[in-house]
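What follows is each chain in one-letter form.
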Amino acid sequence: MDKTAWETMKTWQTADAVCFDVDSTVIKEEGIDELAAFCGVGDQVKEWTKKAMGGSIPFRVALSERLKMCKPTKEQVDHLIAERPSQLTPGISELIQQLHGRGIPVYLVSGGFRQIIAPVAAKLKIPSENLFTNTLVFSETGTATCTEIAEVLLESLLFVSCHYKVCACLI
């Protein structure tokens with residue numbers, strides 16, 4: 001076993017907390033792309049997602065532009081969750097179950113939306129206070145007016161590093 005593999009294995013064995021990204025890691029999909037497809041603008045939003053993931057567009061700009069394209073309503077988000085629940089990545093449920101069995105706290109860290117991620121966390125028995133996500137904000141008429149953009153990665157890493165000695169992150 002090479003040094004990197006050994007160090008990685010040791011980190012997983014000694015971690016007293018674990019953070020996971022959600023989109024395309026814990027779940028198979030990219031949440032915003034699924035929401036966009038549900039809202040009828042999937043292809044346009046997928047292009048922005050590729051640009052954002054490639055680093056050519058700042059995250060906040062890409063998120064804002066994709067939301068403007070989607071214009072999701074609370075009803076659409078609720079229907080998406082009910083009709084097309086996120087699909088867990090094979091093996092993730094068992095891995096998180098093992099971590100829970102060892103008493104290791106698990107955190108979900110995502111640039112995605114709490115409304116879509118919370119049901120995934122519930123399935124995996126991850127408490128809501130262990131979610132670091134953005135949150136869609138809806139007007140009285142039910143239309144998404146904006147999102148509360150968390151400094152997700154920074155907030156989560158600061159929190160976890162202040163509470164635990166060794167943290168393994170799969171992002």
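Each remark here, short or long, concerns the structure printed above.
1. Thoughts on empty space enclosed by the protein
Where empty space is left becomes clear once a probe the size of a water molecule has been rolled over the atoms. Under the counting rule described, the total for this entry stands at one cavity of 30 Å³ or more. Looking at the largest cavity, its volume works out to about 40 Å³. Every residue along the wall of the largest cavity is listed here: Asp 23, Ile 27, Gly 31, Ile 32, Gly 112, Phe 113, Ile 116 and Ile 117. Within the residue set of the lining of the largest cavity, elements represented by two or more residues are α2 (31-38), β2 (106-113) and α7 (114-123). Its residues assigned to classes, the lining of the largest cavity shows five nonpolar, two polar and one charged.

2. Some points on the nonpolar core
Among the nonpolar cores identified, the biggest contains 18 residues, and Phe 20, Val 26, Ile 96, Leu 108 and Ile 126 are the most heavily contacted of them. Contributions of two or more residues to this core are made by β1 (17-21), α6 (92-101), β2 and α7. Sequence-distant contacts of Leu 108, that is, excluding residues within four places in its chain, are made with Phe 20, Val 22, Val 26, Ile 117, Ala 121, Ile 126, Asn 130, Leu 131 and Phe 132.

About the thresholds
- Residues numbered from 1 in each chain as written.
- Predicted model: local features only at pLDDT ≥ 70, side-chain atom pairs only at ≥ 80, totals over all residues.
- Heavy atoms only, no water.
- 1 Å grid on protein atoms, 1.4 Å probe; cavity = no way out; pocket = protein on both sides within 12 Å on 5 of 7 lines; lining within 4 Å.
- Points joined across faces, edges and corners; volume = space filled by probe spheres on them.
- Helix = DSSP H or I, 4+ residues; strand = E, 2+ residues; numbered from the N terminus.
- Nonpolar A, V, L, I, M, F, W, Y, C, P; charged D, E, K, R; others polar.
- Core = buried A, V, L, I, M, F, W, Y, C linked by side-chain atoms within 4.5 Å.
- Buried < 20%, exposed > 50% of the residue type's maximum accessible area, 1.4 Å probe, protein only.
- Contact = heavy atoms within 4.5 Å.

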